[in-house]
Amino acid sequence: MSDAPPTQDTVRRLLDALLPDGGQLDVGPVAEGGEHSTWWVGTRYVLRLALGAPSSARQRREIRLRDLVRQHVGIAVPASLASGEWASGRTYTLDTRLQGASGDVVDVTAAGEEDLAGLLGGLREVPAARAEALGLVRTPPRSLDMLRREAARSAELLGRDGEFEPARLAQLAAQAAAQLAPQPGAVVVHHDLKGEHLTVTPDGRVRGVLDWTDAVLGDPAEDIAGLSIAVGARAAVRAATLAGYGPRASLRGLWLARCDTLVRLGERLHGTDDSPVPLLRTQLERAWEAILLELVTELADKDPEAG
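Visitor: Would you mind going over the overall build of the protein chain in detail, with residue names and values included?
Guide: Counting its regular elements, the protein chain contains ten helices and ten strands. Scaling as 2.2 N^0.38, a compact globule of 307 residues should have a C-alpha radius of gyration of about 19 Å, and the protein chain matches this with 20 Å. In terms of principal-axis extent, the alpha carbons of the protein chain reach across some 60 × 45 × 40 Å. Each of the 307 residues in the protein chain was classed as buried or not, and the buried ones make up 49%. Long-range contacts, defined as pairs at least 24 residues apart, comprise 72% of the intrachain contacts of the protein chain with a sequence gap of at least 6.

Below is the structure:
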C-alpha cells in the first residue's frame, strides 16, 4: 500500500462518502505529523486518520474504550459517527467536535475542578476487566526514586542556565520518594491529560477530554500528574481530593509531574527534544506551584482509596 499521507483531496473524497453535505463543508488541518492526521470538518466534526498499522490498532481500541468510559466520567468524550479504513490497513474516525477551547489557553475555575474530579473518580469506577478485554494493557507504576535521580541531574543543568533552583528538589528526599510508593491496584488511566486534550469553556468548565489512544490500566497518580502540568498543581490536587484520593496519591502525582517537567525542559535545552520551550517553561511553573499538602511529613499507611 502507499505510505503517502492524506491530502485535502483524500479527505474530501472520504467526506463525500460519509456525509450528505460533505462536499460543502469547510475542511482544514488541525495538526500534522505523529500518529494521526487530524482535520476540522465544518464546525461540528473532527476527522482523524491513522497513519500506520500500530496507530490504526490503537484507534480501533480507542473508539471502543470511549464508549465504555463515557458511562462513568461525567465529562463529554468524543463519539465516533463513522469509522473504517481510508486506505488499506489505515483507519479513520469521524468524531463529534466537543465544546470549548484548549486547556492550554483557558484557565480552569473551581467548577472546572469539580468536572476534573468527576473525571478522576469516574475512571476509577470503570470495570478493569472490561477495559482489559478491549485491549488496554496493564502498565507497572514508575519508580519515583529513579525519576527523582534523573530529575536531579536535569535540575543541576537548569540551575546553571538560571532556569531553576536545584535546592527546591531537595524536598523530595529518598525517604519521601519511598513513602510515596504507589498503592496496590490499577485503574483506567488516560495517561496523556495535557492541556490540549482538555476542552474548557470561557467560564472555566471542563467540558470534554480528547485523545484516549494512550490509555492504560495503571497508576492513577499518572493522571494527577498530567493535570498538575495541564492546569496547575493546586487545581490538580484539589480535583484529586474531591475525587476521593488521599494525600499519598496526590503527592505522588505532584512529584511525578515536577520531576517530569524538569527532565523534559532539561532534555529540550541540553538534548534532542524539540518541544516548544515556552510551553515547557509554563508546564514547569504549573507543576511547581506551592501547595499546603507539601508540608505533610507523615502519611497514613493507607489512603482511603486503597481501602
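Visitor: Account for the packing of helix α9 (residues 247-270) against helix α10 (residues 277-287), naming residues and giving values.
Guide: It is at 9 Å that the axes of α9 and α10 come closest, and there the two elements cross at 155 degrees. When the axis of α9 is compared with that of α10, the two are roughly antiparallel. For α9 against α10, the interelement crossing comes out left-handed. Contact residues: α9 offers L254, A257, R258, T261, L262, R264, L265, R268 and L269, while α10 offers V277, L280, R281, Q283, L284 and A287. Looking at side-chain class alone, the contact of α9 with α10 contains nine nonpolar, two polar and four charged residues.

Visitor: Run through the pattern of salt bridges, naming residues and quoting values.
Guide: A side chain with one charge can pair with a side chain of the opposite charge if their charged atoms come near. On inspection of all chains with the given rule, the structure shows 18 salt bridges. D115 is the partner of R205 in a salt bridge, and the nearest nitrogen-oxygen pair spans 2.8 Å. Of this pair, R205 sits in the loop between β8 (198-200) and β9 (206-209) while D115 sits in helix α3 (residues 110-125), placing them 90 residues apart in sequence. A relative accessible area of 25% places R205 in the partly exposed class.

Visitor: How would you summarise the sheet that holds strand β6 (residues 101-102) if you had to cite specific residues and measurements?
Guide: Taken in spatial order, the three strands make up an open sheet running β6-β8-β9, and their pairing is antiparallel. Unpaired on one side and paired on the other, β6 and β9 mark the two borders of the sheet. In the sheet, β8 pairs with β9 via three bridges, with the strands oriented antiparallel. What sits directly across from L198, in β9, is V209.

Visitor: Explain the environment of S37 to me, using residue names and the numbers behind them.
Guide: With respect to the element layout, S37 can be found in strand β2 (residues 36-41). Looking at S37, the relative accessible area reads 0%, which means it is buried. Side-chain polar atoms of S37 contact the side chain of W39, separated by 2.8 Å.

Visitor: So what about the nonpolar core? Which residues, and what values?
Guide: Counting residues in each nonpolar core, the largest one holds 40 residues, and the members touching the most others are V69 and L198. Only α2 (53-73), α3, β7 (187-189), β8, β9, β10 (216-218), α7 (221-231) and α8 (233-242) provide two or more residues apiece to this core. The dominant element in this core, judged by the number of residues it contributes, is α3, at five residues. The residues contacting V69, other than those within four sequence positions of it, are V77, L123, V126, V188 and W212. In this structure, A151, L256, V263 and L280 belong to the second largest nonpolar core, which totals 30 residues.

Rules used throughout
Residues numbered from 1 in each chain as written. Predicted model: local features only at pLDDT ≥ 70, side-chain atom pairs only at ≥ 80, totals over all residues. Heavy atoms only, no water. Helix = DSSP H or I, 4+ residues; strand = E, 2+ residues; numbered from the N terminus. Rg over C-alpha atoms; globule rule 2.2 N^0.38 Å. Buried < 20%, exposed > 50% of the residue type's maximum accessible area, 1.4 Å probe, protein only. Contact = heavy atoms within 4.5 Å. Axes fitted to C-alpha atoms, helices over the stretch in contact; angles between N-to-C directions. Parallel < 35°, antiparallel > 145°, perpendicular 65-115°, else oblique. Left-handed = near helix turned anticlockwise from the far one by under 90°. Nonpolar A, V, L, I, M, F, W, Y, C, P; charged D, E, K, R; others polar. Salt bridge = Lys/Arg side-chain N within 4 Å of Asp/Glu carboxyl O. Pairing = 2+ DSSP bridges. Polar contact = N/O pair within 3.5 Å; in protein donor to acceptor, adjacent residues only side chain to side chain. Core = buried A, V, L, I, M, F, W, Y, C linked by side-chain atoms within 4.5 Å.

Coordinates in, geometry out; function isn't part of it.
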